[in-house]
Structure formats: structure tokens, C-alpha cells
Amino acid sequence: MARAIVLNAKDNVATCTSDVNAGGVIECLGGAFDVLKTVEAIPIWHKVALAPIEKGAKVIKYGETIGEALVDIPKGAWVSHENIFSVPRAYRDEYINRKE
Amino acid sequence: MEFWGYKRSDGRAGIRNHVLILPTCACGSESARIVASQVRGAVNIVFNSGCSDVQANTDMSQKILTGFACNPNVYGAVIIGLGCETVPHQKLREKIQSMTDKPIVSFGIQDEGGTLRTIEKAVRAARDMAAAASMQRRERCQMSNLLMGIECGGSDATSGIASNPAVGELSDLLVYMGASTMMSESIEWIGAEHVLARRAATPEIHDQIVRICERYEAHLKAAGQDCRAGQPTPGNKAGGLSTIDEKSLGCIRKGGTRPIVEVLEQAERPTKNGAIVMDTAGYDISSVTSMVAGGCNAIVFTTGRGTPTGNAIVPVLKVTANAQTYKWMEDNMDVDLSGIIDGKLTINTAGRQLLDRLIEVCNGRLTKAEAYGFSDIAIDHVCRFV
């Protein structure tokens, strides 16, 4: 069975360790999700959605936000640079000693 | 743990004993290449500017050239200049001599009457320097003499999942043993800078890390560029990395978990011992160039898609956790960590394996890029030539 690696319990994507066909079954390692069925082909090292991700919702990997969904992404779909985007940083909120 | 190195008078230690043939400008680079090819034990770098630069670019180049000559892996240097460049050979030599007492000589092509006469003199000088270097013996060195630069390039999703965490483990082991490690590529902290900043030893270092990212984005914006357009690279995207945030979150894992004790500008020499970060470009070759100028004597380099890169002065140990890349590009890869992806190798064990291999490299084992004599260099620029 094809495998995907879940890096953090908060993640809503997993990384496939082989090419997977549409309708293929993936065993997810390292998270709460056991097996899921893909809705489209996913290339090796690319991400599969572990749950439906609504347009504008955060995409989580390593337990951190890696971007936001540009469209509704169904469970089992391919998550890539085509359907998620990087959100600009709010640096000013990150400083311990805030500058003016 | 110890390693066998070449002790230098400034208290540092080299893991190589190269004679460096150093051009002051592009016009000296070809002669430097020919001189190095004539003398066993000599290495050269190619320098593609040194003239018609604004002050900020000149300052950067000078930091790199002087840093290279002072790098503990260098026994001595033969400088080759032209005569009309921004910083001529005598000035560069005097500057380096004020920073180190290693043997440094210099020649100018216009002074000597052309390239052939310059090459003849420079070959004789390099030959004598290489003979002297060959008399120096390796001695036992404390781990505190090791400053390992940590780099990644040609990343794919295996980098952040496996090879970077393994190198992070190596970094933690080294810091625990008293060595220092240096992670750079600040543009690849963006999106993960809040996670990296949590490792800061002080609130000031925390804010320095955030500020570097904020300024980097602003710098590119001032030039009409968006860091998110170039990052991730097309290769990263093909390898499953979709956003700069995803790339960065994987990248920073290679620095390990120890407190960050110092934040350096490009090519700056550390003053502290432990886990250090340097503000460099995400362009791997430029980043390695700056870390070598800062005094790193070894580089560990993770890759997903595979890269041949090597540095003239410092061995670059190439690590991948992508089984296909290791198999397909074995001629460029030193360590295969794909067992992590297959669940056959833990990150901890991988870190220990890397430590063993790194010590072998410190003791003299050639990396593949080193055996091929690779000498990549890229010096970061602030603005256009004038």
C-alpha cells in the first residue's frame, strides 16, 4: 500500500512517499488518520489533503501554517502550489521588544 | 571526541591545509586558475567582479576575499591582481596580513608585464608555499575547533522530513560536545522565523532573527521583487514544496534545537561558541561562500533533488534522504539517509552516523565534490555594476 507521512497531529496534509493513482489507497503514518482514498493522482513527495480544506482555510504541516487554500480542496486531493498560497507575514506582531 | 587538524596561530584549526590562489578581481581569475593547476596542494577560486562596483558591493567582496584567506583550512595565499582594480593586490595583501600571520604573497599582472610572467612568479611562490604546507603535521584538536556550516540546496519534501532533522541532530550533538554550528539562508527562515526565533538565547537575538526576515522582504520589494515569486524555486515545487513557508519550516530543522547564541552578518566571524545563524541569501552557493568566509571549516549540505556543488577551501559533505536521488546521482552524494523515509533509520541514529562521517572528513577523508576539485563561489550583491 502507498504511504504518506504525517509530521504533526495538527496537520491537515501528509506527504506521499510514492506516486499514487486516482482512487489509490494511502496508509498515513505518524498521525491520527489511518487510511484514505485519493480523488486524483498525486506525485511522489507531494501532499494529500487529510480532511476537506475550505477556500481561505489554513493548510497545516509541521503543526504550522504553510499557506491558505485558494479553492475548496476535498479530502484525498493533491495539495500543491497550484491550490495554496503563502500569506504575507505580520512581522510587527512577532517582536518581543516592539519597535515603533 | 577529537579530530586531527592543522593548528593555526590564532587558536583555530583547519581540517585541510590548502595553498589558496586568490584573485583580486575577474582579471586575475584565469591566471589564478592556471597557477593552481600547476601546483599540487593549491586551490583557486574564480572571482567575477572586483572592479566597477559600488562601495557596498566592494565591501562584501572584500569580506569574502579576506575571509577566505583567513579561513583555518588555508595554510597560506598567493594573491594575483591586475593593477587597476578597486582594491589592488598590495592593499588586499596588507589587509589580510593585518588579520592573520599566515604566509601571504601577491603579484600584479600589469606590474609583472603580462600573464605569463605573473604566472611564472606565482607558480614558484605557490610551489614553495605548498612544500612548506606539506611539512605541517595533523595534530589532535578539540571539538571546539570545529565550526560546521549547515546548508541545504535543491530541496524537496524529503529535506524537511528527513535529511534536515538528521543534520539538526548532528548540530545538537556537536554543540553538546563543544563545537559550533552555523545555519544561514535567512530568506528561507521566512514563514518559519517565529519558530526559529524561539531558539534565541536572548530576547535581542529573537528580535534580530525577525528583523532580518522583515528587512530581507523589504529589500527585495524596494527592487520591485517579491520573495514569494522566486521561492520556492521551480525545482522545489516539482519536489512537493508549495510555499516559502513550507520550505522554510523544513529548512530550519537542519539547525537543530540548541539555543541560538549569535546572529551574524554575511561573512562575519563568530565571537561565540554554540549554535550560530548568519544572514545570507537562500542561494546555496552564495550562502556557503559567506559561511566559509566566516571561518567554517566543514560544511554539511542536505539535498533532495541532488546537487554537485563543492567549495575550494572547505569540504562539502552531501546528504540526501531521497532514495532515487542517491541512486541516480550517487557520484555527487556522500551519505544516503533514505532509511529515515522507509522507517528503517531513526533521526537520532542518522545524526550519529553523520557525526562519524563528519569526523572522518575532518581527519582527511575527501568528500565527492572535493575529490572532483569543485570550486563553486557566488558573492552576494547589493546593486548593479557601475
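Side note on helix α8 (residues 203-222) of chain B
Within an α-helix, residues lying three or four positions from one another point in the same direction, as the helix has 3.6 residues per turn.
Residue and element names in this part refer to chain B.
Item 1. Between the first and last C-alpha of α8 there are 28 Å, a value that for 20 residues agrees with the 28 Å anticipated at 1.5 Å per step.
Item 2. Residues of α8 that are buried include every one of His 206, Ile 209, Val 210, Ile 212 and Cys 213, and no others. All buried residues of α8 project into a common sector of 140° when viewed along the axis, lining one side. Residues of α8 that are exposed and point over 90 degrees away from its buried face: Pro 203, Glu 204, Ala 218 and Ala 222.
Item 3. Residues of α8 that are buried make contact with α7 (193-197), β10 (260-264) and β11 (275-278).

Re the interface of chain B and chain A
Item 1. Between chain B and chain A, the contact holds 26 residues from the first and 25 residues from the second.
Item 2. Only α6 (157-176), α7, α8 and α11 (244-251) of chain B provide two or more residues apiece to the side of chain B that touches chain A.
Item 3. With six residues, the top contributor of residues to the side of chain B that touches chain A is α8(B).
Item 4. A per-class count over the side of chain B that touches chain A returns eleven nonpolar, eight polar and seven charged.

Quick look at the sheet that holds β10(B)
All names here are of chain B.
Item 1. In space, the seven strands of this open sheet follow the order β10-β11-β9-β8-β12-β13-β14, with parallel pairing throughout. Bordering the open sheet on either side are β10 and β14 (335-336), each of which pairs with just one other strand.
Item 2. By the bridge criterion, five bridges tie strand β12 (residues 298-303) to strand β13 (residues 316-320) in an arrangement that is parallel. Residue pairing in the sheet places Thr 303 in a bridge with Thr 320 of β13.
Item 3. Those strands touched by helix α14 (residues 347-362) are β12, β13 and β14, and its axis lies near 135° from that of β12.

A few points about the sheet that holds strand β6 (residues 58-61) of chain A
Within a beta sheet, neighbouring strands are joined by backbone hydrogen bonds and run either parallel or antiparallel to one another.
Item 1. The antiparallel open sheet is built from three strands, whose spatial order is β6-β7-β9 (chain A). Two strands lie at the open edges of the sheet, namely β6 and β9 (84-85) of chain A, each paired on one side alone.
Item 2. Inspection of the sheet shows strand β7 (residues 64-69) of chain A paired to β9(A) by two bridges, in the antiparallel sense. Looking across to β9(A), one finds that Glu68(A) is bridged to Phe85(A).
Item 3. Docked against the sheet, α11(B) engages β6 and β7 of chain A, running at close to 165° with respect to β7(A).

Concerning unusual backbone geometry
Item 1. The peptide bond linking Gln231(B) to Pro232(B) adopts the cis configuration, its omega dihedral lying at -5°.
Item 2. Relative to the elements of secondary structure, Pro232(B) occurs in the loop between α9 (227-230) and α10 (234-238).
Item 3. Unusually for a residue other than glycine, Tyr62(A) sits at a positive phi of about 60°.
Item 4. Residue class for Tyr62(A) comes out buried when judged on the 21 C-beta atoms lying within 10 Å of it.

Examining the domain arrangement of chain B
Residues and elements named next belong to chain B.
Item 1. What the domain assignment reports for chain B is domain 1 (18-135) and domain 2 (142-371).
Item 2. Of note, the centres of domain 1 and domain 2, computed from C-alpha atoms alone, are 29 Å apart.
Item 3. If you list the elements that add at least two residues to the side of domain 1 that touches domain 2, you get β3 (18-23), β4 (42-44) and α2 (55-70).
Item 4. The biggest single contributor to the side of domain 1 that touches domain 2 is α2, with five residues.
Item 5. For the side of domain 1 that touches domain 2, the per-class residue count stands at eight nonpolar, five polar and one charged.

Describing the packing of α6(B) against α11(B)
Between two packed helices, what matters for the description is the angle formed by their axes and the separation of those axes.
All names here are of chain B.
Item 1. Two numbers describe how α6 lies on α11: the axes approach to 8 Å, and their chain directions differ by 15°. The angle between α6 and α11 places the two elements in the roughly parallel class. When the axes of α6 and α11 are compared, the crossing they make is right-handed. From α6, Ser 159, Gly 160 and Asn 164 reach across to α11, where they touch Leu 249, Gly 250 and Cys 251.
Item 2. Grouping the amino acids of the contact of α6 with α11 by side-chain chemistry returns two nonpolar, four polar and no charged.

Calculation rules
Residues numbered from 1 in each chain as written. Chains lettered and ligands numbered in written order. Predicted model: local features only at pLDDT ≥ 70, side-chain atom pairs only at ≥ 80, totals over all residues. Helix = DSSP H or I, 4+ residues; strand = E, 2+ residues; numbered from the N terminus. Expected span 1.5 Å × (residues − 1). Buried ≥ 20, exposed ≤ 12 C-beta atoms within 10 Å, placed from the backbone. Arc of directions from axis to C-beta. Contact = placed C-beta atoms within 7 Å. Nonpolar A, V, L, I, M, F, W, Y, C, P; charged D, E, K, R; others polar. Pairing = 2+ DSSP bridges. Axes fitted to C-alpha atoms, helices over the stretch in contact; angles between N-to-C directions. Domains from an automatic or database assignment. Parallel < 35°, antiparallel > 145°, perpendicular 65-115°, else oblique. Left-handed = near helix turned anticlockwise from the far one by under 90°.

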